[in-house]
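# A structural walkthrough
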Amino acid sequence: MRRALLALALIALPVPPARGQQAIAGTAVIVVGQEPNVPVPTVGTGRANADAADLLFLRLARPGADLRTSGDRGFQPELARNWSRRDSLTLAFELDPRARWHDGTPVTARDVVFTFGRARDARVDAQKALLLRYVAEVRAEGARTVVVRFTRPYSEQLYDAVWHAPPLPAHLLDSIPPERLAASAFVQRPVGNGPYRWGRREAGRSLELSADPGFFLGRPGIGRIVVLLARDPEAQLNLLLDGTADILDNVTPASNVPRLASRPELRVVPVPTFTVGYLLFNQRAYGDRAAAHPILADADIRRALAMALDRDALVRATFGDFSTVAEGPVAQLHWIRDPGERAARYDRAAAGALLAARGWRDSDGDGVLDRNGQPLSLRLNYPAPSAPRAMIAQLVQEQLRGLGVRIELVRLDGPVWAERRGKGEFDLDFSSASMDPSPAGLVQSWSCAGRSGSNVAQYCNPQVDSLMERAITGHGDVRRLWREAIRAVNHDAPAVFVFAPANAMALHRRFTSTLIRPEGWWSGLWRWRIAPGQQLPRDAARPTS
Amino acid sequence: MRWLAGRTLQALLTFLVSVLLLFVLMRLTPGDPLARLEGDSQLSVEETAALRERFGLDQPLAAQLSAFLRGAARGDLGVSIGHYPEQVTSLVGARLPATLLLGGTVLLLNFTLGTWLGVLQARRRGSALDRWLSRLSLAGYAMPSFWLGMILISMVSVEWQLLPAAQMRDPLIAPDAPWATRWLDVARHLVLPAVTLAIVTIAGTMRYQRTAMLQALRQDYVRAARARGLTERRVIWGHAWRNALFPMLTLFGLWLPILVAGSVFVESIFNWPGLGALTAEAVATRDYPVLMGTAMLTSALVILGGLVTDVGYFLLDPRVREP
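Not measured: the values here are computed from a predicted model.

### Let's talk about the overall build of chain B
Within chain B, the regular secondary structure consists of 16 helices and zero strands. For chain B, the spread of C-alpha atoms along the principal axes amounts to about 85 × 60 × 40 Å. Within chain B, contacts between residues separated by at least 24 positions form 74% of all contacts whose residues are at least 6 apart in sequence. Of the roughly 15,800 Å² of accessible surface on chain B, a fraction of 66% belongs to carbon and sulfur atoms. In chain B, the 29 positive side-chain charges and the 22 negative ones have mean positions that sit 19 Å from each other.

### With respect to the overall build of chain A
For chain A, the helix and strand inventory stands at 18 helices and 24 strands. Taken over C-alpha atoms, the radius of gyration comes to 26 Å for chain A, in line with the 24 Å a tight globule of 545 residues would show. Taking contacts inside chain A between residues at least 6 apart in sequence as the whole, the part at least 24 apart equals 69%. Accessible surface for chain A amounts to roughly 21,400 Å². Of this, 51% is attributable to carbon and sulfur atoms.

### Some details on the interface of chain A and chain B
At the interface, 56 residues of chain A touch 55 residues of chain B. Arg169 of chain B is the salt-bridge partner of Glu202 of chain A, the closest N and O atoms lying 2.2 Å from each other. Where chain A packs against chain B, one counts ten residue pairs in polar contact (both at pLDDT 80 or more). Grouping the constituent residues of the side of chain A that touches chain B by class yields 26 nonpolar, 14 polar and 16 charged.

### Here's the deal with the pairing of strand E10 (residues 224-229) of chain A
All names here are of chain A. With six of six residues buried, E10 lies mostly within the body of the structure. Side chains Arg224, Val226 and Leu228 project from E10 onto one buried face, and the interleaved Ile225, Val227 and Leu229 project onto a second face that is buried too. With six bridges connecting them, strand E1 (residues 27-32) and E10 associate as parallel partners. Note that in E10 the partner of Val32 across the bridge is Leu229. Bridging between strand E9 (residues 206-211) and E10 involves five bridges; their strand directions are antiparallel. Across the sheet, Leu209 pairs through a bridge with Ile225, a residue of E10.

### A short note on the confidence of the model for chain B
Mean pLDDT for chain B: 86, with 93% of residues reaching 70 or above. A low-confidence stretch, residues 38-42 of chain B (pLDDT under 50), is modelled with twelve contacts involving residues beyond four sequence positions or located in other chains.

### A closer look at the confidence of the model for chain A
Confidence in the prediction for chain A averages 89 pLDDT; 95% of positions are at 70 or higher. Low pLDDT (under 50) marks residues 4-23 of chain A, which in the prediction has 33 contacts with non-local residues, meaning those over four places away or in another chain.

### A short note on the environment of Pro289 of chain B
All names here are of chain B. Relative to the helices and strands, Pro289 is located in helix H15 (residues 288-316). The sequence separation of Pro289 and Trp255 amounts to 34 residues, and the corresponding C-alpha distance is 26 Å. Beyond its immediate sequence surroundings of up to four residues, Pro289 is in contact with Leu77, Val79, Ile81 and Val88.

### Here we look at the state of the cysteines
All names here are of chain A. Here the structure, examined in full by the defined rule, presents one disulfide over all chains. Here Cys448 connects covalently by a disulfide to Cys460, the sulfurs 1.9 Å from one another. Taking the sign of the S-S torsion, about 90° here, the bridge from Cys448 to Cys460 comes out right-handed. One end of the pair, Cys448, is in the loop between helix H16 (442-446) and helix H17 (462-473); the other, Cys460, is in the loop between H16 and H17, and twelve residues separate them in sequence. Looking at Cys448, the relative accessible area reads 13%, which means it is buried. For Cys460, a relative accessible area of 31% corresponds to the partly exposed category.

### Quick notes on helix H11 (residues 246-255) of chain B
Phe246, Met248, Leu249, Leu251 and Gly253 of chain B are the residues of H11 of chain B that are buried. Buried-residue contacts for H11 of chain B involve helix H5 (88-123), helix H8 (179-217), helix H10 (232-243) and H15 of chain B.

### So, the sheet that holds strand E4 (residues 80-87) of chain A
Residues and elements named next belong to chain A. With antiparallel pairing, four strands are arranged side by side in an open sheet as E4-E5-E7-E6. The open sheet is flanked by E4 and strand E6 (135-141), the only strands paired with a single partner. Neighbour-to-neighbour, the strand axes of this sheet turn through a mean angle of 20°, independent of strand direction. Direction of pairing for E6 relative to strand E7 (residues 145-150): antiparallel, over a ladder of six bridges.

### With respect to the pattern of salt bridges
All names here are of chain A. Tallied over the entire structure, the rule returns 44 salt bridges over all chains. For Asp51, the salt bridge identified is with Arg47, shortest N-O distance 3.1 Å. On the criterion of helical spacing, the pair formed by Asp51 and Arg47 is a turn pair, its members being four residues apart in helix H2 (residues 47-56). Look at Arg47 and you get partly exposed, because its relative accessible area is 48%. A salt bridge links Asp54 to Arg59; its shortest N-O distance comes to 3.0 Å.

What counts and what doesn't
Within every chain, residues take consecutive numbers counted from 1 along the sequence as written. Here chains are named by letter from A upward and ligands by number from 1 upward, in the order in which they appear as written. Where totals are concerned, whole chains, interfaces and linings use all residues; where local detail is concerned, this predicted model gives features only for residues with pLDDT of at least 70, and gives and counts side-chain atom pairs only at 80 or more. Heavy atoms throughout the structure, all of them, feed into the side-chain values; hydrogens and water do not. Elements are defined by DSSP. Helices are runs of H or I of four residues or more, strands are runs of E of two residues or more, and each kind is numbered from the N terminus. Two residues qualify as a contact provided that any one of their heavy atoms is within 4.5 Å of a heavy atom in the partner residue. Accessible areas in this description were obtained via Shrake-Rupley with a 1.4 Å probe; residue shielding takes into account the shown protein chains only. Only four residue types enter the charge count, namely Lys and Arg as positive and Asp and Glu as negative; His and the chain termini do not. Lysine's charge is taken at NZ, arginine's at CZ, aspartate's at CG and glutamate's at CD. Radius of gyration: over C-alpha atoms. The globule rule applied is 2.2 Å multiplied by the number of residues raised to the 0.38 power. Should a side-chain nitrogen of Lys or Arg be within 4 Å of a carboxyl oxygen of Asp or Glu, the pair is scored as a salt bridge. Residues adjacent in sequence count toward polar contacts only when both atoms are side-chain atoms; beyond that, a polar contact is any pair of N or O atoms within 3.5 Å, and within protein one must be able to donate a hydrogen and the other to accept it. By the convention adopted, Pro, Cys, Tyr, Trp, Phe, Met, Ile, Leu, Val and Ala count as nonpolar, Lys, Arg, Asp and Glu as charged, and the other residues, Gly among them, as polar. A simple rule labels every residue: compare its accessible area, found with a 1.4 Å probe on the protein chains alone, to the largest value its type can have, and call it buried under 20%, exposed over 50%, or partly exposed in between. Here, strands pair whenever DSSP counts at least two bridges between them. Note on scores: pLDDT gives the predictor's confidence for each residue, bounded by 0 and 100. Disulfide assignment relies on a single distance test, namely cysteine sulfur atoms paired within 2.5 Å. The axes are straight lines fitted to the C-alpha atoms, using for helices just the contacting stretch, and the angles between their N-to-C directions are given from 0 to 180°.

Structure, rendered in structure tokens:
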């Protein structure tokens, strides 16, 4: 028994740091919910891979602090030291001669040309090829100059040239056929040009990156980044609470925020996102795209339902202070967002009057409005894994009940929800879109052309299409055109735009200079520092690889 | 020998049928793995078609099944949809050791401690100790594992900071650290999930063992052993217990799949990187190749558990061998 107790006590003792792990410059442990299994641009997909790739690979440049993607101004140089416009179709970039791959080879124009070649190949990445469809040619002029020519003039040429295809090392990849790249040794151990270099990865568990002391834009302030995978929100929280981790980029559910904020070593900060959550109205009959929806094809009914919802209350009850009401299909961070724009204002009386004017009355006294014997009853599909959407759906049901609208909640497993959404098998669908900094993506969901793809509700207004097309291809004040388009969408009420959330990011207080770029906060991580005198034991550990 | 060959053949056939059923039933389940990508990433029709082709989902069911069986015969279970471009075999292989460690530890705790406590209860039938052990074990049995896990984490890890709350290893310990350091680290991480699962599963073993032992203690051969003047310890462990082991063999066969099936909830809460968590994720995303891989493994273990039990009875109980 005594021996057993001794063994238990031994196990409970903290493990001493192993030999050979003495620190050079600190450690940051980040908990993530999705695994960065392929953090290589043009190969890996998803947010987790993109975040980790931001530490390993630089872009030619990135949008400035206002995140404006239109025009040639405000962008911050990364691999490209500067750029110039030769004509309305041509941009020339001069690469920074100090830029090096982590194997010591200089970054050259050949790398950029090679990467665009791969990214524009639909067989390699159909999505990237679509985003780069207006790029006609990318060529090298010497070792340091890259010329990008476009097929037509438009306002986001520079953004498209610098954002979608961060350069890859041609000298390591040009011998690997595109179809073999995903399974290649390079993907298992990528060689990048960013502030951090590859350390080691344990599949399904963790990823370790170490700072590149020779990084040409400046010496990283944290010696190593350890990324821990924990899918369960409770496990993510516990890793912070027991001191294993330092950073969690989104505390969920929001009810856990006070628990973390009360810890003296942690602070919680809001980080706005490019996400919008909305209740989508199907303009076509349930599961039948040939027929108009018997209730929701009427724009007045859609407006009435939107006005009947107290979106402020819905958002406050679900997200606390970490979200705002969405005012249209644009997110908090989009540069085209109009702070003065208001989608349907909450006006219950007006909503009731509008429904009555359209002939909806409770003729049989059952508490549900009806017209010609048809009750005002709608099915609202939402994905079970999304706790915020589940909560808001119930509140929506309750709020509309008071108006005499019956909402049947249909809680669906993620893939089933997505399948039904794609087939148009819904009356209302609780959707959420995570976009990139460019508003051009709005075309996919809110244009007539998008009806064959993401525009699953079949919303179509040629006036909106025209405004968006002019905003994309125009020059000068395209922000005004975008805002007009958003106003036109809001007027049609194809959806109730509910929330534009900010992530509740928890991080250890010992970090200073915490630049958090909302379009990709990992990209600013190399500028973070650890406050002198506040190091933890793990900050004394040297990168292990 | 003929019996053993026949029984093994039967097990192989059962496995093959279960694989066919699993494949077909999974495809019949509503939910398209790529529809989820469409919804979130706003993919075009062409992009979705390209993905469908990549994973063979554009093929008829028979062609998909044929391709799967041909691949499986070569040991290739395909590429994961959710973890593209990782192979299913490498995904399962990477998580199997963690699950075997946790499952093996729980089985060991369950059968050593559970058996000993069951025998103890039987020997002291009706005593205060017997009653309290029954109450405690049933309380453990009635407790949801995820709830117990959360309580243990809250107290032991967060409040008292005695043991880690999650993970299987401290990621800051280098792979080339001394063996003892790494072993101790894994042991520290193993304690809470193993204890959680053992507490909620041990009641069954204790009850089985107690009942079997009580029956054995009433047998004539036990009375005879006592009459021959053997020590009580010898009577209990040398005569009664050996005969009370048969029900435990059945129980062991039933528990064997826990070695790979793991516990989804416990693995999730403790962020234990095992097959349970991988399976749960694959179910949520309809990652058919990964689901097939984990389901085949579990199915094989269930069938193997039955086979081991039958062979155990065959070897230990002469009555089974009688025609």
